[in-house]
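A look at the structure
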There are 2 protein chains.
Amino acid sequence: MTINDVAARAGVAPSTVSRALSEPGRGNPATRERIRAIARELNYVPNSQAQALSSGRTGTIALLVSDVTNPFYFGIIRGTQQMSKAAGLAEVLIDTEDSPDLEGDMLRKMRRSLDGAILASSRLSERALIRLAGEIPLVTINRNVRGLPSVVIDSPDGIAQAVEHLVSLGHRDIVYVSGPETSWSNQARWHAMRKAAAKHGLEFRRVGPFARGRSSGTAAADAVLNSGATACVVFNDLLAIGLLTRLAERGVAVPGRLSVVGCDDIFGADFCHPPLTTLSGPAEQAGRAAVSLLLGRLGDPRAPAARRAVLLPTHLTVRESTGPA
Amino acid sequence: MTINDVAARAGVAPSTVSRALSEPGRGNPATRERIRAIARELNYVPNSQAQALSSGRTGTIALLVSDVTNPFYFGIIRGTQQMSKAAGLAEVLIDTEDSPDLEGDMLRKMRRSLDGAILASSRLSERALIRLAGEIPLVTINRNVRGLPSVVIDSPDGIAQAVEHLVSLGHRDIVYVSGPETSWSNQARWHAMRKAAAKHGLEFRRVGPFARGRSSGTAAADAVLNSGATACVVFNDLLAIGLLTRLAERGVAVPGRLSVVGCDDIFGADFCHPPLTTLSGPAEQAGRAAVSLLLGRLGDPRAPAARRAVLLPTHLTVRESTGPA
DNA sequence: CTGAAAGCGCTAACAG
DNA sequence: CTGTTAGCGCTTTCAG
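Residues numbered from 1 in each chain as written. Chains lettered and ligands numbered in written order. Predicted model: local features only at pLDDT ≥ 70, side-chain atom pairs only at ≥ 80, totals over all residues. Heavy atoms only, no water.

**Quick look at the overall build of chain A**
Inclusion rule: Going along the chain from the N terminus, every DSSP run of H or I of four or more residues is numbered as a helix, and every run of E of two or more is numbered as a strand. Here's how the labels work: a residue is buried when its accessible area is under 20% of the maximum for its type, exposed when over 50%, partly exposed in between, all with a 1.4 Å probe on protein chains only. Should any heavy atoms of two residues lie within 4.5 Å, those residues are counted as being in contact. His residues and chain termini do not enter the charge count, which takes Lys and Arg as positive and Asp and Glu as negative. By convention, the point assigned to a charge is CZ for Arg, NZ for Lys, CD for Glu and CG for Asp.
Helix and strand counts for chain A stand at 12 helices and 12 strands. Dimensions along the principal axes, computed over C-alpha positions, put chain A at roughly 80 × 35 × 30 Å. The proportion of buried residues among the 325 residues of chain A is 53%. The long-range share in chain A, meaning contacts at least 24 apart out of those at least 6 apart in sequence, stands at 70%. Across chain A, 37 positive and 30 negative side-chain charges occur, with their mean positions spaced 6 Å apart.

If you want it as structure tokens, here you go:
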């Protein structure tokens, strides 16, 4: 079942079928409809490999995440899938396993089979990103790189809210529990923390860095306790949940003895114990926005990388892990 | 940078390069190595669309799940990705949004661009599955269909363990909280429940069906309470966690007043409150096994659908949501 | 073992 | 507006 079969059946040239099927406005509407009807009746499905080979457009984009099974990406995945489906694009999800090398290799290898890629929390260096962007349209999420379109969820603003919240509860000794130093978000949050602390005349302190997994929570909890702080803001929810677990093990009351604020409001943040006060962001929207930006680059590949950067707001969701000092 | 460039540089025919690069054993080892060196040096990456078009093999398989953001699939996703990467296959993750129609359409549309597909918890009818299997190699997970290779995580066996556990704690009135009736796993668990109840001389009861999401937990909790049972086995952890939340809201002590057993041991089951006693299965292994089965079908497409069915064991993980009656 | 040649199914100029 | 003619980059007979 090829385009030729359809053409033969309709008594027209293959190229006419091609146009009828994939060039909306052009061609005689009557013949176009006739051809479409025949194609449908014949149950014809275009061969996307052939389309890609000949046109250069693959109709496929990729979403790269450092770990598919990190609930942090849930919203982003949902958002991008939603939007790319709406745009008639296929989306492949790629797990970079937190490795910059793997990330780069994947992109390079798949370059020809993709129209573009969205990097959620890229681990690549700025240099590498810029170079890759020359070979394939790229959009980043939660990572700002000069000249690359990006969408970032504005956690700094949320961090300020979190500190405000803690200060209003009487906390004067707040520590930041740092994630990996290579993480762009971690940097951003840390700086926001410092700024917020200064604003309230507090001393800025931090413990870490810790790996981003839940298991690092043990070490993190011990470090926080050791610091003597009465409250902490944790790099992300995964780590915060791990920390909560350890705190329970050690019999430390939350929020009685220690208040805990997480970041990202992932799946689980609402049902862990105690439910976590955390920063919520519009992750789905971020995903949709990223695809939109990519779509913009796709329409006109030679466009000057419309250096649009979308900044999305976050807000503090107060649950039960924070309380009076 | 095409195969022709490499050929020109090496002073051989394109066909020779093609063989050197993708036919392991054949050709003169010396020239093969020379060509490979040149290809590497030229940073040549084969165009997979062209390969696919001409050879018919796409080097891509798909994993279809009903909802990418359901933590139940985490392990399976990990396992399949691991195995397909090892086999040099690309894997695309497709979200069928719980819709049989979408699932079928997707498979039909992508048929030509896939070497095969793995269906994790397919919602398609047996008829539809068998028909599709004729067009593209298929492997199912947690769904047994005559003639299709499948891997199923043996929850019935685990259910028996769960009932045993509850009975040994003195429970005589155990209710099964049912998931959607269209779910194959739900059927399997329900039957296992009935059998286990009979074995212990208990009356078999169930409430539901409920939707599989966390939000259905509210209704489920109320129904269970209303049933007067002292323990329940819940279709899956998502629902069980929702139920736990509602129980807490109503001030019902778990496991004091009611013991709860979930199924699947998803992300979150260990840190919800109280931590959930649940059935754990080797999800990653299931994913790997599914890819293996598919690989078998791929090697020899005309093979008689080696109706192998892999059955993986589950075990009960006891946490704190179960206790004496 | 290697080269030449013929496509895979489609799109994209270019004519008509 | 439609048909004709070339390929896209690769694999695969088929000869040599």
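That was the structure; now back to the text.
**Things to note about the interface of chain B and chain A**
For the record, the criterion: By definition, the buried area sums, over both parts, the 1.4 Å-probe accessible area that each loses when the two are put together. Any Lys or Arg side-chain nitrogen found within 4 Å of a carboxyl oxygen on Asp or Glu counts as a salt bridge. Pairs of N or O atoms are called polar contacts if they sit within 3.5 Å, as long as, within protein, a hydrogen donor faces a hydrogen acceptor (for residues adjacent in sequence, only side-chain-to-side-chain pairs).
Between chain B and chain A, the residue contacts involve 39 residues of the former and 39 residues of the latter. The contact between chain B and chain A buries some 3400 Å² in all, and 59% of this surface belongs to carbon and sulfur atoms. At the surface where chain B touches chain A, the tally comes to 6 salt bridges. In this structure, the salt-bridge partner of Arg214 of chain A is Asp270 of chain B, at a minimum N-O distance of 3.0 Å. Where chain B touches chain A, the interface holds 6 residue pairs in polar contact (both at pLDDT 80 or more). Counting only elements with at least two residues in the side of chain B that touches chain A, the list comes to α4 (48-55), α5 (74-86), β2 (90-95), α6 (100-110) and α11 (237-249) of chain B.

**Points about the protein's contact with DNA strand D**
Heads up, the rule is: Whether a residue is near a molecule or strand depends on its heavy atoms: if one lies within 4 Å, it is near. Residues are sorted three ways: Asp, Glu, Lys and Arg are charged, Ala, Val, Leu, Ile, Met, Phe, Trp, Tyr, Cys and Pro are nonpolar, and all the rest, Gly among them, are polar.
Near DNA strand D you find 25 residues, and of these Thr16 and Arg19 of chain A together with Ile3, Tyr44 and Ser54 of chain B are the closest. Take the atoms of DNA strand D that sit within 4 Å of the protein: sugar and phosphate atoms are 64% of them. In the environment of DNA strand D, a base oxygen lies 3.3 Å from a nitrogen or oxygen atom belonging to the backbone of Ser54 of chain A. Ala50 of chain B is positioned such that a nitrogen or oxygen atom in its backbone is 3.5 Å from a base nitrogen of DNA strand D. Here the surface near DNA strand D is composed, by residue class, of 7 nonpolar, 15 polar and 3 charged.

**Concerning the relation of the copies chain B and chain A**
The pair of chain copies shares a relation made of a rotation about an axis and a shift along it. The condition that has to hold: In superposing the copies, a least-squares fit is computed on C-alpha atoms, taking residues whose pLDDT is at least 70 in both.
The two copies are related by a screw motion: chain B maps onto chain A through a turn of 180° and a shift of 0.0 Å along the axis, at an RMSD of 0.1 Å. What the rotation and shift describe, once combined, is the action of a two-fold rotation axis. When the interface residues of chain B are mapped onto chain A, 100% of them are again interface residues, pointing to one common binding face.

**Quick word on the protein's contact with DNA strand C**
Of all residues adjacent to DNA strand C, which total 24 residues, the nearest are Ile3, Tyr44 and Ser54 of chain A together with Thr16 and Arg19 of chain B. Counting only the atoms of DNA strand C within 4 Å of the protein, the fraction contributed by sugar and phosphate is 67%. Taking Ser54 of chain A, its side chain carries an N or O atom lying 2.2 Å from a sugar or linking oxygen of DNA strand C. A distance of 2.9 Å separates a phosphate oxygen of DNA strand C from a polar side-chain atom of Arg57 of chain A. Of the residues belonging to the surface near DNA strand C, the class tally is 7 nonpolar, 14 polar and 3 charged.

**Focus on the UniProt feature "domain: HTH lacI-type" (unreviewed entry) in chain A**
The condition is simple: UniProt positions are given in the numbering used here, feature names are shortened, and annotations may be inferred rather than shown by experiment.
Per the UniProt record, the feature "domain: HTH lacI-type" (unreviewed entry) sits at residues 1-55 of chain A. Note that residues 1-55 of chain A is 69% helix and 0% strand, and that its end C-alpha atoms are spaced 20 Å apart.

**Comments concerning the domain arrangement of chain A**
Applicable threshold: Domain ranges listed in this record stem from an automatic or a database domain assignment.
Taken domain by domain, chain A comprises domain 1 (3-55), domain 2 (60-153 + 283-312) and domain 3 (155-282). Distance between the C-alpha centres of domain 1 of chain A and domain 2 of chain A: 32 Å.

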